Amino acid sequence: MIHTFIWIGGFLILGLLFGMTYQKVGERRGAKLHPPPGKLVNLGTHRLHLLEEGQGSPTVILEAGLMSTNLSWTDIRRKLAESYRVVTYDRAGLGWSDIGPMPRTAERIVDELHSLLELAAIPGPYILVGHSFGGLTMPLFAARYPKKIAGMVLVDPVVPAEWNPPSEHDLKRSSIGATVCRRAALLSRAGVIRFVAFLLNSRAKKAASHMVRLISRGTPADSGSVSSPWFWNLPPIERQMASVFWVQEKFCNTIASQLESLPESARRIAELDNLCDKPVVLLSAKSTPPNRREQHMLITQRLPQGRHIFADKSTHWIMQDQPELVLDAIHAVAKSNS
């Protein structure tokens, strides 16, 4: 019996060492095959990936959603660069950026973005454009640095009322999501998440789906599946790079912290007397839940220069489904400053 346990323990240790080696080799290969398209700016504690394109004023700052990178703005960025200086970046722990200090609150994210713009000598005024989770960061940036802001465009944003205070249902879902991310972070060290991605790319969907369900145990049925809509609704370029970015420990821990910090981030926005006194355009998707869409309209009604647009043909990814609406909104804000 003792010998059996020794053999089992030995195999487990060997498997763990193999998995860790597999993970390290995969990370090096990914870094070599997919170098950062922009530059890495050192903030002192970590580096953030910054991509700057175009010329002109005002400068457009693009903030991605909860799990997304600068890639989610690729098509929009190229169009905007014909008229403006455009800046996209990866928040700490995502994409090509290093993992940053915890917790990942909106307050910390805004501090880091401001430092990034200062260190990279990117001039204002800024048009702040935030998608989804960007609804908790861009308004805070505008409120803290009003003299640097030309206006704001929020694309189907998360609203403070959803998380301040969170409902019992939402709090439970965010807690489960964070727990699964922490679990995935541990498994990523041993190369397990990378192996799941390999199975997906090898079209071994049944085996991959079984492993995903085990890893995401406790989540709603539609999220613990390789056919989950939250994954397949991502822009194609984001899905392609998921097997590079999402299999890293830094990504899993960052998403967990962002989820855990949602109530605090929302509370900070809700405390603000005035989000922005410059032109603000807020776009709601057709797929947006009615309560969130109602909040979108209420927010714009309270703003001195707020305007609400309903994207009647869009999912949450309005910049993919109806990019002209996002572009027109940005142009309108820019024109109001000319």
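The shown structure was predicted, so the numbers you read here are calculated from the model rather than taken from an experiment.

Reading the values: the criteria
- Residues numbered from 1 in each chain as written.
- Predicted model: local features only at pLDDT ≥ 70, side-chain atom pairs only at ≥ 80, totals over all residues.
- Heavy atoms only, no water.
- Pairing = 2+ DSSP bridges.
- Helix = DSSP H or I, 4+ residues; strand = E, 2+ residues; numbered from the N terminus.
- Axes fitted to C-alpha atoms, helices over the stretch in contact; angles between N-to-C directions.
- Buried < 20%, exposed > 50% of the residue type's maximum accessible area, 1.4 Å probe, protein only.
- Polar contact = N/O pair within 3.5 Å; in protein donor to acceptor, adjacent residues only side chain to side chain.
- Contact = heavy atoms within 4.5 Å.
- 1 Å grid on protein atoms, 1.4 Å probe; cavity = no way out; pocket = protein on both sides within 12 Å on 5 of 7 lines; lining within 4 Å.
- Points joined across faces, edges and corners; volume = space filled by probe spheres on them.
- Nonpolar A, V, L, I, M, F, W, Y, C, P; charged D, E, K, R; others polar.

## Quick look at the sheet that holds strand 2 (residues 47–53)
Inference 1: The strand order across the open sheet formed by 8 strands is 1-2-4-3-5-6-7-8, and the pairing between neighbours is mixed. In this open sheet, the two strands that pair with only one neighbour each are strand 1 (39–42) and strand 8 (306–311). For this sheet, the mean angle separating the axes of adjacent strands, direction not counted, is 25°.
Inference 2: Examined bridge by bridge, strand 3 (residues 59–63) and strand 5 (residues 126–131) share 5 bridges and lie parallel to one another. Bridge pairing in strand 5 links Leu62 to Val129.

## Details of the side chain of Ser188
Inference 1: Tracing the chain through its elements places Ser188 in helix 5 (residues 168–189).
Inference 2: With relative accessibility at 1%, the residue Ser188 sits in the buried group.
Inference 3: Engagement of the side chain of Ser188 in a polar contact is seen with the backbone nitrogen of Glu249, the distance being 3.4 Å.
Inference 4: Each residue touching Ser188, except ones within four places of it in the same chain, is listed here: Gln23, Ile193, Val247, Gln248 and Glu249.

## Brief notes about empty space enclosed by the protein
Inference 1: Enumeration according to the criterion identifies 1 cavity of 30 Å³ or more in this entry.
Inference 2: In this structure, the largest cavity encloses a volume near 40 Å³.
Inference 3: If you go around the largest cavity, the residues you meet are Gly135, Pro139, Leu154, Pro157, Val158, Val159, Pro160, Ile269, Leu275, Leu282 and Ile299.
Inference 4: Along the lines of polarity and charge, the residues of the lining of the largest cavity split into 10 nonpolar, 1 polar and no charged.

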